[in-house]
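# Understanding the architecture of this molecule
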Amino acid sequence: MCEGPPIGEETRPAYIIPRGNIMVVGGTYLLGDTNMEITRDEIKKIGNDARTLLPSLNIDYSNTWVGLRPSREAGIRTDIVRRQNVKGEDLPIFNNFGHGGSGRYWT
């Protein structure tokens, strides 16, 4: 993952993640953006960044998608709360969210 020049930016990190027989390339982290359509400019930028990271990468643009990731201004929340289910059983609920677009904060 790269978040600085010459590729990637804080709101547009560049990454390549192998997943079986495909490579996931990305991405964007645009706080408050709920647009579920990827733009041509975003596709072009992501593709260029991915080829800079891995010049031999052959990109097939036939499968593009947008995923929204939750984050929160208050920062990361990790704790355990207890709730009862419909049977009255006491269950632990593990809260672990607010990490931002990359799944964690990168510094």
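Placed above this text is the structure.
Below or above, wherever it landed, is the structure these notes cover.

Rules of the game
- Residues numbered from 1 in each chain as written.
- Predicted model: local features only at pLDDT ≥ 70, side-chain atom pairs only at ≥ 80, totals over all residues.
- Heavy atoms only, no water.
- Helix = DSSP H or I, 4+ residues; strand = E, 2+ residues; numbered from the N terminus.
- Buried < 20%, exposed > 50% of the residue type's maximum accessible area, 1.4 Å probe, protein only.
- Contact = heavy atoms within 4.5 Å.
- Areas by Shrake-Rupley, 256 points an atom, 1.4 Å probe, with all protein chains shown as cover.
- Expected span 1.5 Å × (residues − 1).
- Arc of directions from axis to C-beta.
- Salt bridge = Lys/Arg side-chain N within 4 Å of Asp/Glu carboxyl O.
- Pairing = 2+ DSSP bridges.

## A word on the overall build of the protein chain
Of regular secondary structure, the protein chain possesses 1 helix and 4 strands. The helix and strand sequence of the protein chain, counted from the amino end, reads β-β-α-β-β. When the 107 residues of the protein chain are sorted by exposure, 20% land in the buried category. Sequence-distant contacts in the protein chain: of pairs separated by 6 or more residues, those separated by 24 or more amount to 38%. Accessible surface, the protein chain as shown: approximately 8300 Å² in total, 51% of it carbon and sulfur.

## A look at unusual backbone geometry
A cis amide bond links glycine 26 to the next residue, glycine 27, at an omega of 10°. Looking at the secondary structure, you find glycine 27 in the loop between strand E2 (22–26) and helix H1 (40–53).

## Some details on H1
Here H1 is 14 residues long and its end C-alpha atoms lie 20 Å apart, about the 20 Å a rise of 1.5 Å per residue gives. Along H1, the residues classified as buried are Glu42, Ile46, Gly47, Asp49 and Ala50. Projection of H1 onto a plane perpendicular to its axis shows the buried side chains occupying an angular sector of 165°, all on one side. Facing away from the buried side of H1, by more than 90 degrees, are the exposed residues Arg40, Asp41 and Lys44.

## Remarks on the side chain of asparagine 95
Mapping asparagine 95 onto the fold places it in strand E4 (residues 90–97). A residue is classified by how much of its surface remains accessible, and asparagine 95, at 15% relative accessible area, is buried. Apart from residues lying up to four places away in sequence, asparagine 95 is in contact with Arg77, Thr78, Asp79 and Val81.

## Quick word on the pattern of salt bridges
A side chain with one charge may pair with a side chain of the opposite charge, provided their charged atoms come close. Considering all chains together, one arrives at 4 salt bridges under this definition. Residue aspartate 49 pairs with lysine 45 through a salt bridge whose shortest N-O separation is 2.9 Å. Here lysine 45 and aspartate 49 lie together in helix H1, a separation of 4 residues that amounts to about one turn. Aspartate 49 gets classed as buried once you look at its relative accessible area, which sits at 7%. Taking the relative accessible area as the measure of exposure, lysine 45 reaches 27% and is therefore partly exposed. A salt bridge links arginine 77 to aspartate 79, with the shortest nitrogen-to-oxygen separation between them at 3.2 Å. A residue is classified by how much of its surface remains accessible, and arginine 77, at 28% relative accessible area, is partly exposed.

## Description of the pairing of strand E3 (residues 77–84)
Looking at chain direction, E3 and E4 are connected through 8 bridges and run antiparallel. Opposite valine 81, over in E4, you have isoleucine 93 as the bridge partner. From the end of E3 to the start of E4, which pair antiparallel, there are 5 residues, and glycine 88 there has a positive phi angle of about 85°.

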